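Per-entry structural report
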Amino acid sequence: MDQETMFQGTACTLEQVLQSRTDRQDRQQALLKRGCSCLLSFGLNVPGAVKQSPALRQVFDEGLSQLRQLLSGTLGEESVRHSVTGSEALMEVRLPAGAVKQKTVMLEELHPLGRLFDMDVLDGSGRSLSRRDFGLPARRCLLCGGDAKACGRSRAHDGAALRHRVADICGSFFRDKWAQTYSDCAVRALLHEVSATPKPGLVDRQNSGSHSDMDFSTFVDSSVSLAGSFQAMFRIGWDGAALPRPMLFERLRFAGQGAEAAMLRATGGVNTHKGLIFSMGILCGALGAAIAADGPVPTRDRVLDISRELGQCALADLQAEGSDADTSGLRCYRQYRITGARGVAAGGFQPVLTVGLPALRRWTEAGLALSDAAALTLLALIAGTEDTNMIHRGGLARARQCRVEAEELYRRATPENFRALLNDLDRQYIREHLSPGGCADLLALSLMLFFLEQDGLLA
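Conventions adopted
Once a new chain begins, its residue numbering starts again from 1 and follows that chain's sequence as written. Totals for whole chains, interfaces and linings use all residues, but because this is a predicted model, local features are given only for residues with pLDDT of at least 70 and pairs of side-chain atoms are given and counted only at 80 or more. Side-chain figures throughout are based on the complete set of non-hydrogen atoms in the structure, without hydrogens or water. Strands are runs of DSSP state E lasting at least 2 residues, helices are runs of H or I lasting at least 4, and numbering of each runs from the N terminus. Three labels apply to residues, based on accessible area from a 1.4 Å probe with only protein chains included: buried if under 20% of the type maximum, exposed if over 50%, partly exposed otherwise in between. Working rule for contacts: check all heavy atoms of both residues, and any pair within 4.5 Å makes them a contact. Accessible surface area values rest on a Shrake-Rupley calculation with a 1.4 Å probe, where residue burial reflects the displayed protein chains alone. Neither His nor the chain termini are counted; the positive set is Lys and Arg, and the negative set is Asp and Glu. By convention, the point assigned to a charge is CZ for Arg, NZ for Lys, CD for Glu and CG for Asp. Strand pairing requires that DSSP identify at least two bridges connecting the strands. Between the first and last residue of a helix there are one fewer steps than residues, each counted as 1.5 Å, and that sum is the expected span. Stacked, edge-to-face and tilted labels apply to pairs of Phe, Tyr and Trp rings (six-membered ring for Trp) whose centres lie within 6.5 Å, assigned for plane angles under 30 degrees, over 60, and everything in between, in that order.

1. A closer look at the overall build of the protein
Helix and strand counts for the protein come out as 19 helices and 4 strands. Considered along the principal axes of its C-alpha atoms, the protein spans approximately 80 × 50 × 35 Å. Each of the 459 residues in the protein was classed as buried or not, and the buried ones make up 49%. Pairs at least 24 residues apart make up 72% of the contacts formed inside the protein by residues separated by at least 6 positions. Counting every atom, the protein has about 20,500 Å² of accessible surface; 50% of that belongs to carbon and sulfur. For the protein, the distance from the average site of its 52 positive side-chain charges to the average site of its 52 negative ones is 4 Å.

See the structure below:
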């Protein structure tokens, strides 16, 4: 969030600021005359003539949310206004004014945006309580750390420098806040993917499928270990939103290497999520870039467009001449020209859009628990996508035959019989040592987008 974005609004005049202050005082007095014993006035300390913008509104909304949480159960009448002179709230609080002042000071001191919060606490007589009443130090200047009021009165600092500092504080806060939010959603998707049962040939709560070196607990440990890496990938996308996509992809690749190392430490050297680290890393990076460029709640199309651009950078690896890497994905490409996870990302995760999400919606809307809906979604993905892991383990012909078989099973599946169908398929895959690991990754991505849409984090 740069200075230009932060202060992208209409400049207000001194007359408008003075009139706003008079209007606020009139509203305060009207509430106090009705018997309010403690009144909290909340706005923002914003340098410069622009007091209102979409970014500043986010800061105000964050502060208001924190106040409502801090004073939960004690709030009475509340009035919120948004104008060119800034956003402001008047809140009646059913607590002694001194107690409220101490709470607001704590919020100012401990919240990352607290220095920007302007919280004035008035008692029943209309007296504004100050920090000095409680032996607390004055608020610090954003730039030099001195007395903020003294710096303001003397105009000790350049306005552009102050605005740059405000933009930096806000950008860091919202980047980290959203990184945490989207990383939590990604880890949630990983945990729900492994919890879905039964999953033919894969680790679930019932058995380890066709895998002798891992179990349910291994996947739980691996999932939790990746939370910090997903946050880092989101932040890389946010910070690199304006970078050429190949450069952004290289940064995400570097973070992915760190994520793989974290996974291997957590699992004792077992590869549980390498393919998903790639795909989820692309998605988290795309989310960060989209939100940094367009603001909160990006559109799904925008996120997937960025994912497609990043995926095309990854696809170039497969097509590079003389690559000496030797992975199952590369071998599958060289032998069959099947692009696997890289191709899926380069296509904007189309199997997620056309197969995974529709199946999840279908079965949850039919009343199935999410775990059951996810298990059936996996079957739909096995039927509808080319899985390089199935090809690696069973050969191209058998993998494609499995798709046909899965399509028939999915056609026959009902809420009453799906468990029996999937358990039979699980036993068959275990006998043949087959594992649709690529489809499991697509299931996790489908769950991620499903959760984002449910939670209002994706438009």
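The structure having been displayed, the exposition proceeds.
2. Observations concerning the pairing of strand E3 (residues 86-93)
By the criterion of burial, E3 is predominantly enclosed, with 7 of the 8 residues buried. For strand E1 (residues 38-44) and E3, the ladder comprises 4 bridges, and the chain directions are antiparallel. From the neighbouring strand, Leu40 faces E3, where its bridge partner is Met91. One ladder, built from 7 bridges, connects strand E2 (residues 75-83) with E3; its direction is antiparallel. For Ser79, the partnering residue across the bridge sits in E3 and is Leu90.

3. As for helix H11 (residues 300-319)
Relative to the 28 Å expected for 20 residues at 1.5 Å per residue, H11 spans 28 Å between its end C-alpha atoms, a close match to the ideal helical length. Inspection of H11 places Val303, Leu304, Ile306, Ser307, Leu310, Gly311, Cys313, Ala314, Leu315 and Leu318 among the buried residues, and these make up the whole buried set.

4. With respect to the packing of aromatic side chains
All chains considered together, the criterion is met by 8 aromatic pairs. Relative to Phe174, the ring of Phe173 has its centre 5.0 Å away and its plane inclined at 75°; by these criteria the two rings are edge-to-face. Judged by its relative accessible area of 2%, Phe174 falls in the buried class. Between the aromatic rings of Trp178 and Tyr182, the centroid separation amounts to 6.1 Å while the plane-to-plane angle is 50°, which identifies the pairing as tilted.

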